[in-house]
Amino acid sequence: MAQIGKTLLDSGWLAARSTEVNDDGEQLTTTNPPSLGPKSPWMEAAVPGTVLGTLLKNKSIPDPFYGLENETITDIADSGRDYYTFWFSTQFHCKRLLNQYVHLNFRAINYSAEVYVNGHEIVLPKGMFRRHTLDVTDILRPDSDNLLAVIVHPPDHPGTIPPQGGQGGDHEIGKDVAAQYVEGWDWICPIRDRNTGIWDEVSISVTGPVRIIDPHLVSTFYDDYERAYLHVTAELENKSTWNAECSVNIKETAELENGVCLVEHLHTENVLIPARGNIHHTFKPLYLYKPELWWPNGMGKQNLYDVLITVAVKEFGESDSWMQPFGFRKIESVIDSATGGRLFKVNGEPIFIRGGNWILSDGLLRLSKERYRTDIKFHADMNVNMIRCWGGGLAERPEFYHFCDVYGLLVWQEFWITGDVDGRGDPVSNPNGPLDHDLFLLCARDTIKLLRNHPSLALWVGGNEQVPPEDINEALKQDLRLHPYFTTQLLPDQDSDPSVYLDGTRVYIQGSMWDGFADGKGNFTDGPYKIQNPEDFFKDTYYKYGFNPEVGSVGMPVADTIRATMPPEGWEIPLFKKVSDGFVEEVPNRMWDYHKYIPYSEPGKVHDQILMYGTPENLDDFCLKAQLVNYIQYRALFEGWSSQMWTKYTGVLIWKNQNPWTGLRGQFYDHLLDQTASFYGCRSAAEPVHVQLNLASNFVEVVNTTPKELSDVEIEASVWDLDGNCPYSEVFNKVYAPPKIAVKISEFKYPKSENAKPVYFLLLKLYHASDKTVISRNFYWLHLPGKDYTLLETYRKKQIPLKITCNAVNVGTEYELEINVHNTSRADVAKNARDGGLLQKLFSRLGGTEDSNFKVVEMEGTHPGVAFFLRFSVHNAESEKQDTRILPVHYSDNYFSLVPGESMSFKISFAAPTGMKKPPRVVLRGWNCPDGFTVFG
């Protein structure tokens, strides 16, 4: 008997170009199944994946993301669609019993396909963002392998790439319901196959006579969230020829700890489903008292309950089951009367949005659960709370949303409309959007059903910098209208159950610059996207509106990433060309230009920020100085917005958080998953309680985004010069920070002092007065007005003594490290290293366990001073490759600095490559120790 449930078909696939296959689909799934061989056109396939992904897997094309290799790959505009029309084939075994039914499921195909199973053809309709469920019960072979072959066709309008490139190429892709970035943008190269392929999950599901389809879960709350109801509506389909008497069960469980689960509810209702019929069954609302709520990152825990629905049929038994982790939360969104920006509330609490834009994880759609986990955890580690899924990209996958649920990232999901491609681009094209409006709406409705149960999903948006065509827009407004409970607080009532709505729980906004975003009227009032003067972010004149959905800047990775993704001719740093008024124009090499490099200068507005540290000598020097700029740039961006939280702004989203290829702009981590310094600048600025320096007014401020007041706290500001002295130290006593507000504390007066140094370091610490526990720590390197950072060049020569203790625990390939770094110089004058002793004692208690490795390393040095811009990295000690990095790695902090006498503790976690015999090496480098030294391994 086949087991009830779903089986993934994610291995054993073969693929071949359709023009090289002589057999048709019937023959491929009956008499002539595909096989590998020297003269065979068939190759191992990447499913889920795309044609390019398959070709790359078989080394039939070079890596399109390496150097200029994408230019050597044939574009579909030149080859025609047949060139990228491919067969995909596999085999599966499924033996069913009487009254069991089998469905073949494709969660997404781009763009259309014909499916053959054991000689039988099923035509799949068009559309990149729709699911396909095929009843294959009557065509299966019970006692042998079933043969499956799928011929996949590219989008109908793949378009051509103009010589000058452009936003979405010639915009032809906009005539289809598909991802639009594939024709290239100002941040990505064209994708040559336009992402043709079986790009998402394929599965076989076995059920009894009745199957469960797309349940909808909704939570409502009363009495200040003490009472809650779970509302459930599910579609039930009876595949049999007889009326089915069913018992439908809901079990709701919460994990307590160590895998122990508490069953909150077990509820059963009886239903009768007519033969070959479908019903939508709405359960009686399930009552919960004081449920554990789901909160966004930085506001509380991400509590999730498992909701299990099963259906049992009389005289058959269990027929189907469905499970979904579900978070009890209420999200509201209105236009804020004070700022004009869009305001979000979660569980009644306003949330200041600090997040970023997301295209997709990988431009070739090499999507995986592991990659999604890393991507989303990175965002949580940065302390951001929202991700915007941009309209030219994907309707993101359930795995993406699962990890957003787990880590607390709110998601803004856009539909597949962009201003550049749909009526506002250059040249203007597709003024009425896609050709098939019914197809667009079908894909939209199916996407809503796929994603609506995720607590992280915060809002739907019609398009990027554009609204959908009028008929689509009006249909979406109707489909996504709010249930009355979410506007009038109705009591729970079976006749008005919110789960009967398509969604009904979160707002629909027609476009990314409408209704509380940008100017709210659809004018191009997002951006800018270039390097900025850090102090400008704090100025009242910087941005006029309450919520900026896109503001971007630079994104240079580390030198190792450049070497790993480009040949040596791509290692040349930009030429610095002097222009008028003392400004400098950067002229990058061709590869950097192809990879969309954003310069660190804007002549006429911003002096070159890298040259402020001195002219770089080589790639390593350039990239290191770029990290200094990255850190300052993005910390200042978030701090500037936070400085005017609720008085001028309700939120900001950075363009963009990451790159789906090896791009050189707008990213907190690169495509290889190595974090840039901007990651940690963001992490600092976006912490829930934060002490900061307003770079425009020179006032110390405290940003409190939490619902709790801060009292009995103090701030210590200490200045350290390049000689290791502390010429200025001040404590601000009796600091009070009300909840959800940015408070101006006092002016930082050192720059106005008579003997102020041209370059200096500033350490700010916010701590509890009672026990000196540090709440927020923020380290700046600053220069006086009219000066620059070139004095830091000579500071590199200073050798600062460090003591590093490392405690490592590993299970299999998984490593967890606790590392403490102590700046041992001039400890006698380090009066502001208040937390050093506490952290050291805490760390000592963590070390020395039976299954751990403990190591102490001392870096000798004779100079007192700040250990500046230190960075950990993890390496494969056995690798013979030029790039020995182990990626990804999760660091609790990085790109950090320590004043004399200060120590900090860090957590580092990663998985080493399988089969490594030697332990990995953890290396610490810094401004004062560019060659680095090994602290573990």
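Thresholds applied
Residues numbered from 1 in each chain as written. Predicted model: local features only at pLDDT ≥ 70, side-chain atom pairs only at ≥ 80, totals over all residues. Heavy atoms only, no water. UniProt positions renumbered as here; feature names shortened; annotations may be inferred. Helix = DSSP H or I, 4+ residues; strand = E, 2+ residues; numbered from the N terminus. Axes fitted to C-alpha atoms, helices over the stretch in contact; angles between N-to-C directions. Parallel < 35°, antiparallel > 145°, perpendicular 65-115°, else oblique. Left-handed = near helix turned anticlockwise from the far one by under 90°. Contact = heavy atoms within 4.5 Å. Nonpolar A, V, L, I, M, F, W, Y, C, P; charged D, E, K, R; others polar. Buried < 20%, exposed > 50% of the residue type's maximum accessible area, 1.4 Å probe, protein only. Lys, Arg positive; Asp, Glu negative; His and termini not counted. Salt bridge = Lys/Arg side-chain N within 4 Å of Asp/Glu carboxyl O. Polar contact = N/O pair within 3.5 Å; in protein donor to acceptor, adjacent residues only side chain to side chain. Pairing = 2+ DSSP bridges. Domains from an automatic or database assignment. Buried area = accessible area lost by both parts, 1.4 Å probe. Phe/Tyr/Trp six-rings, centres within 6.5 Å; stacked < 30°, edge-to-face > 60°. pLDDT = per-residue confidence, 0-100.

Turning next to the UniProt feature "domain: Mannosidase Ig/CBM-like" (unreviewed entry) in the protein. In this numbering, the UniProt entry assigns the feature "domain: Mannosidase Ig/CBM-like" (unreviewed entry) to residues 702-783. Annotation note: span residues 702-783, helix share 0%, strand share 62%, distance between end C-alpha atoms 22 Å.

Another aspect to go through is the packing of helix α11 (residues 619-643) against helix α12 (residues 677-685). Close contact between α11 and α12 brings their axes to 7 Å; oriented N to C, the two are set at 25°. Judged by the inter-axis angle, α11 sits roughly parallel to α12. By crossing handedness, the relation of α11 to α12 is classed as right-handed. On α12, the residues touching Q627, N630, Y631, Y634, R635, F638, E639 and S642 of α11 are A677, S678, Y680, G681, C682, S684 and A685.

Further remarks concern the packing of helix α6 (residues 437-451) against helix α7 (residues 470-479). Between α6 and α7, whose axes approach to 10 Å, the crossing angle comes to 25°. The angle between α6 and α7 falls in the class roughly parallel. Read as a crossing pair, α6 and α7 show a hand that is right-handed. Of the residues in α7, those touching α6 at H437, F440, L441, A444 and R445 are D471, I472, A475, L476 and D479. Class assignment of the residues belonging to the contact of α6 with α7 gives a composition of 6 nonpolar, 1 polar and 3 charged.

Within the secondary structure, D170 is located in the loop between β9 (146-153) and β10 (202-207). One buried charged residue, D170, forms no salt bridge at all, with the nearest opposite charge on R194 at 6.7 Å. Polar side-chain contacts of D170 include one of 2.9 Å to the side chain of T160.

To continue, consider the pairing of strand β6 (residues 112-117). Buried residues dominate β6, accounting for 5 of its 6 residues. Strand direction decides the pairing type here: β6 and strand β7 (residues 120-124), joined by 5 bridges, are antiparallel. Following the sheet pairing, V117 is matched in β7 by H120.

Split by domain assignment, the protein resolves into domain 1 (5-207), domain 2 (210-326), domain 3 (368-524), domain 4 (687-795) and domain 5 (802-829 + 844-936). Around 2,200 Å² of area is buried between domain 1 and domain 3 when both sides are counted, 61% of it from carbon and sulfur atoms. When the buried area of domain 1 at its contact with domain 3 is split by residue, F129, R131 and H171 rank highest and sum to 30% of it. Our count for the domain 1 to domain 3 interface comes out at 3 salt bridges. A salt bridge links E399 to R107, with the shortest nitrogen-to-oxygen separation between them at 2.7 Å. Considering only residue class, the side of domain 1 that touches domain 3 consists of 11 nonpolar, 7 polar and 9 charged.

Let us look at the side chain of D405. Among the structural elements, D405 can be located in helix α5 (residues 398-407). Among buried Asp, Glu, Lys and Arg side chains, D405 stands out as unpaired, with R329 the closest opposite charge at 7.8 Å. A distance of 2.7 Å separates a polar atom in the side chain of D405 from a polar atom in the side chain of S456. Discounting chain neighbours no more than four positions away, the residues touching D405 are W294, Q302, L304, H454, P455 and S456.

Tallied over the entire structure, the rule returns 65 aromatic pairs. With 6.1 Å between their ring centres and 40° between their planes, Y680 and Y895 make a pair best called tilted. Taken together, the residues Y680 in helix α12 and Y895 in the loop between β42 (889-891) and β43 (896-898) connect sequence positions 215 residues apart. Side by side, Y680 and Y895 carry an identical accessibility label, which is buried. For the pair Y728 and Y750, a centre-to-centre distance of 5.9 Å together with 55° between the ring planes defines the contact as tilted.

Turning to the confidence of the model for the protein, a few remarks are in order. Detailed reading of predicted coordinates is not advised where the pLDDT is low. Per-residue pLDDT for the protein has a mean of 94; in total, 96% of the residues score no lower than 70. Every residue in residues 827-851 scores below 50 in pLDDT, and together they form 48 contacts with partners more than four places removed in sequence or on other chains.

What follows concerns the environment of G119. Assignment of secondary structure puts G119 in the loop between β6 and β7. As for G119 and T30, which are separated by 89 residues in sequence, their C-alpha atoms are 5.6 Å apart. The residues contacting G119, other than those within four sequence positions of it, are E26, T29 and T30.

In the structure shown here, the tally under the stated rule is 48 salt bridges. The salt bridge involving E414 is made with R388; its shortest N-O contact spans 2.9 Å. One end of the pair, E414, is in strand β24 (residues 410-414); the other, R388, is in strand β23 (residues 386-389), and 26 residues separate them in sequence. You can call E414 buried: its relative accessible area is 1%. Overall, the relative accessible area of 0% leaves R388 in the buried class.

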